[in-house]
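Listed here are the chains, written in short residue letters.
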Amino acid sequence: ESTDHCPKKANVLLNWVETIPVTEEGTPVNVVIIPGDGSPEQVYDSDVHSPDIEIPIGEQTIIVYEKKGEEYVNNRQQAVSVDTDADGKMTDEPDYFSGGCVTVEVKPNIDLELPLYKQVRELIIELKLTGDGVEYINQISGNVDGVATERHINNGFRPVDPTIIRPPAIRKGNVDYSFNSAMNGAETFFSGSRKLLGIDGEGKQTFKLAVTFRNGDTHDLPIDITELMDGFHTEDLDPEGSERPWYIKLAFDVNASSEVVIVDWEDGGGSWITPD
């Protein structure tokens, strides 16, 4: 008797690739089966190890992600996204979660490994300011353009395909930054952070800095940070799974006439600011 179309139990293992669960309590993971024949998707709750599920025979797309991030995941598109306004500016900031997607030909009693990858990384921008005009600064703000506001779930941190350094975005946009002052010895720094889904790997990243002085004057300075973002998806990630931000560090000289000039820049996993 043919059983080719009957559901089969599968030995399914969740593989946390350079990431760790946000929580291990209860069933914090969604496992979604999207049949290749167009029939309705099936959604299962799972612990962080091995979900007990029945998978139909044939080609299936299986997407798995932590419930912490389910508001950012589109099952049918296998994509993650954040809300934006009409100009593409992020109006929401994702929290940390992991997820991934595979398309497999399911056979009776097959063993399936479902990988999960980090989906969110913090981008911290640090500004080092020197010069006679620093004491007259009232406020600093900025905007980073060229971030991913929607991308494929497999282009996280790291992308599933190791040859991809700058993953493409399905939808691109920008994000505002605000900066708080910090002291490290006698030096003055400003630091701002946002959590992002990634970059628009097929375009440029631009940081628009706005420095407002006490007399009301504002100095705007656009800076191309494309090369500084090259490692955002792939470098200085923690192989043990904890969160590590990506830093962009920019140094400026501010003279007494309120002129702001960039003099140095760095990127990577290290900070200029030493915590107290």
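Residues numbered from 1 in each chain as written. Predicted model: local features only at pLDDT ≥ 70, side-chain atom pairs only at ≥ 80, totals over all residues. Heavy atoms only, no water.

(A) The arrangement of empty space enclosed by the protein in detail. For the coordinates displayed, the defined rule picks out 1 cavity of 30 Å³ or more. Of the pockets and cavities examined, the largest cavity occupies roughly 50 Å³. Forming the walls of the largest cavity are Thr 19, Ile 20, Val 22, Glu 66, Tyr 96, Phe 97, Ser 98, Lys 118, Gln 119, Val 120 and Glu 243. For the lining of the largest cavity, a count of residues per class yields 5 nonpolar, 3 polar and 3 charged. (1 Å grid on protein atoms, 1.4 Å probe; cavity = no way out; pocket = protein on both sides within 12 Å on 5 of 7 lines; lining within 4 Å. Points joined across faces, edges and corners; volume = space filled by probe spheres on them. Nonpolar A, V, L, I, M, F, W, Y, C, P; charged D, E, K, R; others polar.)

(B) Quick look at the sheet that holds strand S15 (residues 187-196). Taken in spatial order, the 5 strands line up as S14-S15-S11-S18-S19 in an open sheet, and their pairing is mixed. At either margin of the open sheet sits one strand with a lone partner, and together these are strand S14 (180-184) and strand S19 (260-268). This sheet shows a mean twist of 25° between the axes of neighbouring strands, independent of strand direction. As defined by bridge partners, strand S11 (residues 121-130) adjoins S15 across 9 bridges and the pair is classed as antiparallel. When the bridges of S15 are listed, Ile 125 appears paired with Gly 192. (Pairing = 2+ DSSP bridges. Helix = DSSP H or I, 4+ residues; strand = E, 2+ residues; numbered from the N terminus. Axes fitted to C-alpha atoms, helices over the stretch in contact; angles between N-to-C directions.)

(C) Quick look at the environment of Ile 62. Relative to the elements of secondary structure, Ile 62 occurs in strand S6 (residues 58-66). Judged by its relative accessible area of 1%, Ile 62 is buried. Note: C-alpha distance between Ile 62 and Cys 101 (39 residues apart in sequence) is 5.7 Å. Once you skip the residues sitting within four places of it in the chain, Ile 62 turns out to touch Val 31, Val 32, Ile 33, Ile 55, Gly 100, Cys 101, Val 102, Val 104, Leu 112 and Leu 114. (Buried < 20%, exposed > 50% of the residue type's maximum accessible area, 1.4 Å probe, protein only. Contact = heavy atoms within 4.5 Å.)

(D) Spatial organisation of the sheet that holds strand S2 (residues 11-16). Strand order in the open sheet formed by 6 strands is S2-S10-S9-S6-S3-S4, with mixed pairing between adjacent strands. Only two strands of the sheet have a single partner each, and these edge strands are S2 and strand S4 (42-46). Averaged over all pairs of adjacent strands, the angle between strand axes in this sheet comes to 20°, irrespective of strand direction. By the bridge criterion, 2 bridges tie strand S9 (residues 98-106) to strand S10 (residues 111-118) in an arrangement that is antiparallel. When the sheet's bridge partners are listed, Ser 98 is paired in S10 with Lys 118.

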